[in-house]
Each structure stands twice: as C-alpha cells, then as structure tokens.
Amino acid sequence: MGEGGAALPYLTKGNVATETPENTETEGNDMDADSLHSDDCKEYNRRTTDYGNGRIEIAAYHSPRLRYMGSGRTPCSKEAETTAEAQEARTRQQIYAIRRKIKGYALCNGFRWFVTLTFDPEKVNSSDYETAKNTLLKWCRKMRDRHKQFDYLMIPELHKSGAVHFHGLLGDVTAYFVEAVNAKTGKPVIRHNRQVYNLPEWEYGFSDCEEIESPERAASYITKYVTTALLTDKEMYNKKRYFNSQGLAKPAVTFGMKDNSDLKVFTPNFGVIETDEDGRNVIETGIYNLTADPETGALSQTDTGYLITAKTERRISRVFENSSLGDTKI
C-alpha cells in the first residue's frame, strides 16, 4: 500500500464478478464472462454509494466486475451447485446484501435511538416467531398512530433458547424515555459513560435504549445482528429478516469505470489484499468512507482508521483505535 492510501488501477480483464439488480449490494458471484451476453452486462470497477447527507462510500476494485442488467436471474453456463460449500457461499451473499440494505437505511435517516426490545414471557410467547413479530409490528403501528411520526428499523435476534427479541433504530419520536435504574441498587444504569434509558410505551416486556452519538457506529452495530443463524434457522425460512417503516430514505448507488487514481490521496478504511500474477500484493477491493462538500461536491476524509485483510482468512494488518469497526459504542 502506498503512502497516504492506494490506487486500484484498471487492468486487463481477468476473473470478473457479476451482480444482479436484486443483489447489487453483494460482492458478486464469480462467473465465466463468456457465459454472459454483453448486452445484459455492464462492466465497472467502482461502486459509489451516496447516502444523501454528505456521506459517500466508494468501493474500488482492482479487477473489473460485471453487473447483470437483464431481467430475471443471472444466467449461468451450468446448473447451480448444491454442495454445502456452495450453499454457504450463497448464504454469505445474502448476508452481505441484507447488511448493506440495513446500513443504507441506518445512514440515510436521522435515527436518534438504538433500542433492544425483549418480551415478558408472561405477556408474549416469544418462542413463537410469528407471535413475536406480529406483536412488534402491532406496537409499531400503535406508536405511529400515537406520535404521527415513527421511523424505525428492526432486526430479530434468535436466542439459543428459541426466544426472539429485537434490536432496532428509532427516529426522533416524541415518546417519553426515562432514565434506567438498577433494580437492586436504585443507581442509574450507565454504559460507556452514558445514561441508559427505558421506553415505558413498550408494554410487552423490557426495553434498553441508548441515544446514538455516531450514526456510523450505530450502522455497524445494527448490521452485526444479521447472522448466518438468522438466515439458516428453519423458523426463518421464507420470512423477512428485518422490518422498517415506510418512507425511509435510501442511498443512491452508481456504478462506473474509473482509473481510480483520484483515490491515492485517501486511505481505504477497509481493504482486501490479493497477490497478482506477477507475485505483487495489490488491494483487490478498497472501501473508502468519505465526505462530500455540500457546495462544491469535493471529497474529503476524516476517518483514516483502517482494516486490511488478506484474501485468505489471515489478517495482515491491525485495526486502529479510531476505526469504527473496532468500537461497539454507539
């Protein structure tokens, strides 16, 4: 990696990846370019995500990718694999897609509260997913009717016992939050040197609420609840993995071909190292978290903490203390 960052120049076409319109947020599926019709695909080596509030994320790729533009599923020259490894790869892609959608909602909307909502077993049978989900959505509709504006993003978490509870983000709702106190000592509940709150209007059990200080950290934290277990649990087959209120803003995502030399002045906040055919280490994928000037559109970078990993599981760099990836405080 060069000083001050690294460029990911456009080289000759090697292995390419494809992305379908329904799955554009994933890292794609490795496929043979010859099996795709050129009219159905568009080549790119940069994906830019504009969150609409000055936050810009640029994903730059050393090797170009193909984005499938046709209708229906991505065409493939052979039958879909049914091995355990292939199914695991598809599950990972689903996780990437859902996490990016959730991250988009989290960063595009002015959420104020990070909440965890659990059920009192004497009030709700939280071991039954449908019962828990319907209770949550009923409560969300009630909150919307009561407060007129109620923006939310909720993700279920399945406990080992089979019970389900929800983690989520709430907007600047006019509901009354009260300071949480320890039931035994009567002292305020403090976490990361900050007061924890309860939401009395959650009448179905227990609530744990924190005011959001960093939208980026809150987005990273909420997405971690999208796990392999959530996708593969038999109770979750063909069911939604997250719930959101209507009207939430979404990021604008564009794809293009660039030489990426303009990224030399920035540090990739996340990067994947790969060894090329000449034995050189290159950043195959670099993701940059940038800020756009509202008047000029000029890009700048304030967060220079980074995480660089090898394409294998071996990690070859450390996480700086100021990286949001290593901080669970929200």
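Note that the coordinates shown come from a computational prediction; the quantities given were computed from them, not determined experimentally.

**Quick look at the overall build of the chain**
- Each helix and strand counted, the chain has four helices and 18 strands in total.
- Counting all 330 residues of the chain, 45% fall into the buried class.
- Working note: accessible area of the chain is about 18,500 Å², and carbon and sulfur atoms make up 47% of it.

**Brief notes about the packing of aromatic side chains**
- All told, the structure shown has 13 aromatic pairs when counted by the stated rule.
- Between W202 and Y204 the ring centres are 5.4 Å apart and the planes differ by 70°, which places this aromatic pair in the edge-to-face class.
- Given the relative accessible area of 2%, W202 is considered buried.
- Residue classification places Y204 among the buried residues on the basis of a relative accessible area of 14%.
- Measuring from ring centre to ring centre gives 5.8 Å for Y221 and Y225, while their planes differ by 90°; the resulting arrangement is edge-to-face.
- An aromatic cluster of at least three residues, connected via ring pairs, comprises F119, W139, F150, Y152, F166, W202, Y204 and F243.
- Between the NZ or CZ atom of K224 and the centre of the ring of Y221, over which it lies, the distance is 5.0 Å.
- We note K224 situated over the ring of Y225; from NZ or CZ to the ring centre the distance is 4.1 Å.

**A few points about the environment of N244**
- Among the structural elements, N244 can be located in strand 13 (residues 243-244).
- With relative accessibility at 21%, the residue N244 sits in the partly exposed group.
- The spatial distance from the C-alpha of N244 to the C-alpha of M154 is 6.2 Å, given a sequence separation of 90 residues.

**Some details on the pairing of strand 7 (residues 164-170)**
- Burial of strand 7 is extensive: seven of the seven residues sit out of reach of the surface.
- A two-sided burial pattern is seen for strand 7, the buried positions comprising V164, F166, G168 and L170 on one face and H165, H167 and L169 on the other.
- Sheet topology note: the strand 5 (residues 113-119)/strand 7 ladder contains five bridges and is antiparallel. Counterpart to W113 in the pairing with strand 7 is L170.
- Two elements, strand 6 (residues 152-158) and strand 7, share seven bridges in a ladder whose sense is antiparallel.

**Concerning the nonpolar core**
- Ranked by internal contacts, the top residues of the largest apolar core, which has 27 residues, are W139, M154, L170 and F177.
- With seven residues, helix 2 (residues 129-147) is the single largest residue contributor to this core.
- Each residue touching M154, except ones within four places of it in the same chain, is listed here: V115, L117, L136, W139, F166, H167, G168, L170, Y242 and F243.
- Core analysis: the second largest hydrophobic core is formed by 22 residues, I155, L169, Y242 and I330 among them.

**Considering the confidence of the model for the chain**
- With 74% of its residues at a pLDDT of at least 70, the chain reaches an overall mean of 80.
- Below pLDDT 50 for its whole length, residues 1-36 participates in 116 contacts with residues either more than four positions away or in separate chains.

**A few points about the pattern of salt bridges**
- Summed over all chains, the structure comprises 17 salt bridges.
- In this structure, the salt-bridge partner of K142 is E203, at a minimum N-O distance of 2.8 Å. Of this pair, K142 sits in helix 2 while E203 sits in the loop between strand 11 (197-198) and strand 12 (205-211), placing them 61 residues apart in sequence.
- Of the residues examined, K142 reaches a relative accessible area of 27% and is grouped as partly exposed.

**Looking at the pairing of strand 3 (residues 41-50)**
- Bridge count for strand 3 against strand 4 (residues 55-68) is nine bridges, and the pairing is antiparallel. Counterpart to D50 in the pairing with strand 4 is I56.

**Side note on unusual backbone geometry**
- Of note, N193 is a non-glycine position whose phi angle comes to about 65°, a positive value.
- By the element assignment, N193 lies in the loop between strand 9 (190-191) and strand 10 (194-195).
- For N193, a relative accessible area of 78% translates into the label exposed.
- Although it is not a glycine, N260 adopts a positive phi angle of roughly 65°.
- Along the polypeptide, N260 turns up in the loop between strand 14 (252-256) and strand 15 (270-275).

**Topic: helix 3 (residues 215-223)**
- Restricting attention to buried positions, one finds in helix 3 the residues A218, A219, I222 and T223. The arc that holds the buried residues of helix 3, viewed along the axis, is 125°, so those residues lie on one side.

**Quick word on helix 2**
- Between its terminal C-alpha atoms helix 2 stretches 27 Å, which fits the 27 Å expected from 19 residues at 1.5 Å a residue.
- All of the buried residues along helix 2 are Y129, A132, K133, T135, L136, L137, W139, C140, M143 and H147.
- In this fold, the buried residues of helix 2 make contact with strand 5, strand 6, strand 7 and strand 13.
- Looking one or two residues past helix 2, K148 carries a phi angle of roughly 70°, positive in sign.

**Some details on the side chain of S214**
- Its place among the elements puts S214 in the loop between strand 12 and helix 3.
- For S214, a relative accessible area of 11% corresponds to the buried category.
- Engagement of the side chain of S214 in a polar contact is seen with the backbone nitrogen of R217, the distance being 3.2 Å.

Calculation criteria
Residues numbered from 1 in each chain as written. Predicted model: local features only at pLDDT ≥ 70, side-chain atom pairs only at ≥ 80, totals over all residues. Heavy atoms only, no water. Helix = DSSP H or I, 4+ residues; strand = E, 2+ residues; numbered from the N terminus. Buried < 20%, exposed > 50% of the residue type's maximum accessible area, 1.4 Å probe, protein only. Areas by Shrake-Rupley, 256 points an atom, 1.4 Å probe, with all protein chains shown as cover. Phe/Tyr/Trp six-rings, centres within 6.5 Å; stacked < 30°, edge-to-face > 60°. Lys NZ or Arg CZ within 6 Å of the ring centre and 35° of its normal. Pairing = 2+ DSSP bridges. Core = buried A, V, L, I, M, F, W, Y, C linked by side-chain atoms within 4.5 Å. Contact = heavy atoms within 4.5 Å. pLDDT = per-residue confidence, 0-100. Salt bridge = Lys/Arg side-chain N within 4 Å of Asp/Glu carboxyl O. Arc of directions from axis to C-beta. Expected span 1.5 Å × (residues − 1). Polar contact = N/O pair within 3.5 Å; in protein donor to acceptor, adjacent residues only side chain to side chain.

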